[in-house]
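# Structural overview
Here is how the chains run, residue by residue.
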Amino acid sequence: MARSWLEYKAPAWVQWCPGCGDFGILNAIYRAVAELDIPPERLVVVGGIGCSGRTTFYVKGSNAHALHGRAIPMATGIKLARPELTVIVAGGDGDLLGIGGGHFVALGRRNVDITVILFDNAVYGLTKGQAAPTLPAWIKTKALTSPNIHDNVNPVLLAFSAGYTFVARGYAYHTSQLKELIKTAVRHKGASFIDVLQPCPTYNNVMTNKWYEERIYYVGEDYDPIIRTREDFKEKLPAIMEKLLEFGDRIPLGILYWDQTKDSFEERLEKIMPGYMQAPPGTRRISVDGRPIVDPFEVFKDRVIVT
Ligand code: SF4
């Protein structure tokens, strides 16, 4: 029998503003991990700085709250040390695509088996609503003194070009559909990314629930984003690019790209370090009776520079 989502509800008081889209994402995470039957001690939610980072306090798991922009490298270290854990990154668009942008790209290149959930509200909510990387140009939200003159990052296109092998978009208030996307992303073996459009009712008074509901639609069954062979990729690329680029009067939701042909980073490591998956670094003994098994002075003796 599947676990109850209540098993994942931490006792912390949820401090988001009333009506915040974060509640929908949290709810979808609870239900997804419950239906996947992931024991809380084997679940790791890593968050960065921002309203979204507080997710780490609200989900029961072996979680970590990283420095600003550093959720992905911390999650990567955890996953490579203990590949049997389920690792989810919960971060905002400012955290993951601003200061953490380089790490976001690096995860795609590596295709580490981690799920990144982007809480995409286009503003820096925690610090009073400044323009974030996903705010389209010429939009003036209430905290800005003049319209935003930066062009926006397209998160799904960036994820695709960086090498993420599962790319999807969901909507925070559609928790059932989002739950299913999270379940599929977690099951996928490789770097998976979900851009979750999320109203921030306190600071983004332009991209509201009404604004999104007028634009969003789910890709139909006639759209096939699954890549099973290299020929598939060539054939389906034009349609996939069309969906990845579409953001304006119409915004597609659902699985936009799913490459099932690539090895994950863990599988690549296993190829160059046979036995890695059976004895990953996080499970190896490093000391006996308080004494390190490996003598670092011996390991580095040839590299010591005597001046
Ligand atoms: Fe949510 Fe915005 Fe409030 Fe942050 S500031 S909790 S994103 S509504």
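The preceding data block contains the structure.
In this report, the structure presented in the accompanying data block is examined. Residue positions are given per chain, counted from 1 along the sequence in the order it is written. Only residues with pLDDT of at least 70 are given local features in this predicted model, and only at 80 or more are side-chain atom pairs given and counted; all residues enter the totals for whole chains, interfaces and linings. Computation of side-chain values: all heavy atoms of the structure, hydrogens and water removed.

What follows is about the overall build of the chain. Runs of H or I in DSSP of at least four residues are treated as helices and runs of E of at least two as strands, each being numbered from the N terminus. Check the secondary structure of the chain and you find eleven helices and 13 strands. Atoms counted for the radius of gyration: C-alpha only. Globule rule: 2.2 Å times the number of residues to the power 0.38. In summary, the chain has a C-alpha radius of gyration of 21 Å against a globular reference of 19 Å for 307 residues, a match within 12%. With respect to the principal axes defined by its C-alpha atoms, the chain has extents near 65 × 55 × 50 Å. Burial classification: accessible surface area is computed with a 1.4 Å probe over protein chains only, and a residue below 20% of its type maximum counts as buried, one above 50% as exposed, and the rest as partly exposed. In the chain, which comprises 307 residues, the proportion classed as buried is 50%. Long-range contacts, defined here as pairs at least 24 residues apart, represent 71% of the contacts in the chain between residues at least 6 apart. Where accessible areas are quoted, they stem from the Shrake-Rupley method and a 1.4 Å probe; at the residue level, only the protein chains shown are allowed to cover. For the chain, the accessible surface area stands at approximately 15,100 Å², while carbon and sulfur atoms represent 57% of it. The contact definition used throughout considers only heavy atoms, calling two residues in contact when any of these lie within 4.5 Å.

Nonpolar side chains tend toward joint burial in soluble globular proteins. Membership of the largest hydrophobic core comes to 36 residues, with the highest contact counts inside it found for Val116, Tyr164 and Phe193. Among buried residues, the Ala, Val, Leu, Ile, Met, Phe, Trp, Tyr and Cys ones that are joined through side-chain atoms within 4.5 Å form a nonpolar core. One finds Ala34, Leu36, Ala90 and Leu181 within the second-largest nonpolar core, a separate group that totals 34 residues.

Before going further, it helps to spend a moment on the pattern of salt bridges. Any Lys or Arg side-chain nitrogen located within 4 Å of an Asp or Glu carboxyl oxygen qualifies as a salt bridge. According to the stated counting rule, one finds 18 salt bridges in the structure shown. Between Glu180 and Lys183 there is a salt bridge, with its nearest N and O atoms 3.6 Å apart. Of this pair, Glu180 and Lys183 both sit in helix 7 (residues 175-187), three residues apart, roughly one helical turn. Judged by relative accessible area, which is 9%, Lys183 ranks as buried. Its salt-bridge partner being Asp259, residue Arg230 comes within 2.9 Å of it at the nearest N-O pair. Residue Arg230 is located in helix 9 (residues 230-245), and its partner Asp259 is located in strand 11 (residues 251-259); the two are separated by 29 residues in the primary sequence. Using a relative accessible area of 39% as the deciding quantity, one classes Arg230 as partly exposed. Bridged by salt links that share partners, the residues Glu35, Lys179, Glu180 and Lys183 form one connected network.

Taken together, Trp16, Cys17, Cys20, Cys51, Asn121, Gly125, Gln198, Cys200, Pro201, Thr202 and Tyr203 are the residues near the ligand. Partitioned by chemical class, the residues of the shell around the ligand number seven nonpolar, four polar and no charged. Residues are classed as near a molecule or strand on a simple rule: at least one heavy atom within 4 Å of it. Amino acid classes used here: Ala, Val, Leu, Ile, Met, Phe, Trp, Tyr, Cys and Pro are nonpolar; Asp, Glu, Lys and Arg are charged; the rest, including Gly, are polar.

Two aromatic rings, drawn from Phe, Tyr or Trp (for Trp, its six-membered ring), form a pair once their centres lie within 6.5 Å of each other, and the interplanar angle then sorts them: stacked below 30 degrees, edge-to-face above 60, tilted otherwise. Applying the stated rule across the entire model yields twelve aromatic pairs. Centre to centre, the rings of Tyr171 and Tyr212 are 5.5 Å apart; their planes meet at 50 degrees, and the pair counts as tilted. In this pair, Tyr171 sits in strand 7 (residues 166-171) while Tyr212 sits in helix 8 (residues 209-213), placing the two residues 41 residues apart along the sequence. Tyr212 carries the same exposure label as Tyr171, and that label is buried. Cation placement over rings: the criterion is NZ of Lys or CZ of Arg within 6 Å of the ring centroid and within 35° of the ring normal. The ring of Phe233 carries the charged tip of Arg230 above its face, separated from the ring centre by 5.2 Å. If you follow Arg250 out to its NZ or CZ, it ends over the ring of Tyr217, 3.9 Å from the centre.

This paragraph deals with the pairing of strand 4 (residues 115-120). Extensive coverage of strand 4 is indicated by the burial of six of its six residues. Of the two faces of strand 4, both are covered, the one formed by Thr115, Ile117 and Phe119 as well as the one formed by Val116, Leu118 and Asp120. By the bridge criterion, five bridges tie strand 3 (residues 86-92) to strand 4 in an arrangement that is parallel. Looking at strand 4, one finds that Ile88 is bridged to Thr115. Strands qualify as paired when DSSP identifies two bridges or more between them.

So, on to the layout of surface pockets. The rule is simple: put a 1 Å grid over the protein atoms alone, call a set of points where a 1.4 Å probe fits but cannot get out a cavity, call an open set with protein on both sides within 12 Å along at least five of seven lines a pocket, and count a residue as lining if it has an atom within 4 Å of a point. Grid points are joined across faces, edges and corners, and a volume is the space filled by probe spheres set on the points. Volume-wise, the largest pocket comes out at about 450 Å³. Lining the largest pocket we find 27 residues, and of these Gly50, Cys51, Tyr124, Gly125 and Leu126 sit closest to its centre. Tallying contributions element by element places helix 4 (residues 93-99) first for the lining of the largest pocket, with three residues. The class makeup of the residues in the lining of the largest pocket is eleven nonpolar, eleven polar and five charged. Size it by volume and the second largest pocket reaches roughly 270 Å³.

Every angle, taken between N-to-C directions, lies between 0 and 180 degrees, and every axis is a line fitted to C-alpha atoms, over only the stretch in contact when it is a helix. In contact at an axis separation of 9 Å, helix 6 (residues 155-162) and helix 9 are set at 150 degrees when each is read in the N-to-C sense. As far as their axial angle goes, helix 9 and helix 6 are roughly antiparallel. Viewed along their axes, helix 6 and helix 9 form a crossing whose handedness is left-handed. Where helix 6 abuts helix 9, its residues Val156, Leu157 and Phe160 lie against Phe233, Leu237, Met241, Leu244 and Leu245. Across the contact of helix 6 with helix 9, the residue classes tally to eight nonpolar, no polar and no charged. Reported orientations rely on four angle classes, namely roughly parallel under 35 degrees, roughly antiparallel over 145, roughly perpendicular from 65 to 115, and oblique for the rest. In this scheme the crossing of two helices becomes right-handed for a clockwise turn of the near helix relative to the far one and left-handed for an anticlockwise turn of less than a right angle.

On to the pairing of strand 3, then. Summarising burial for strand 3: seven of the seven residues are buried, a large majority. The alternating pattern of strand 3 places Thr86, Ile88, Ala90 and Gly92 and Val87, Val89 and Gly91 on opposite faces, both of which are buried.

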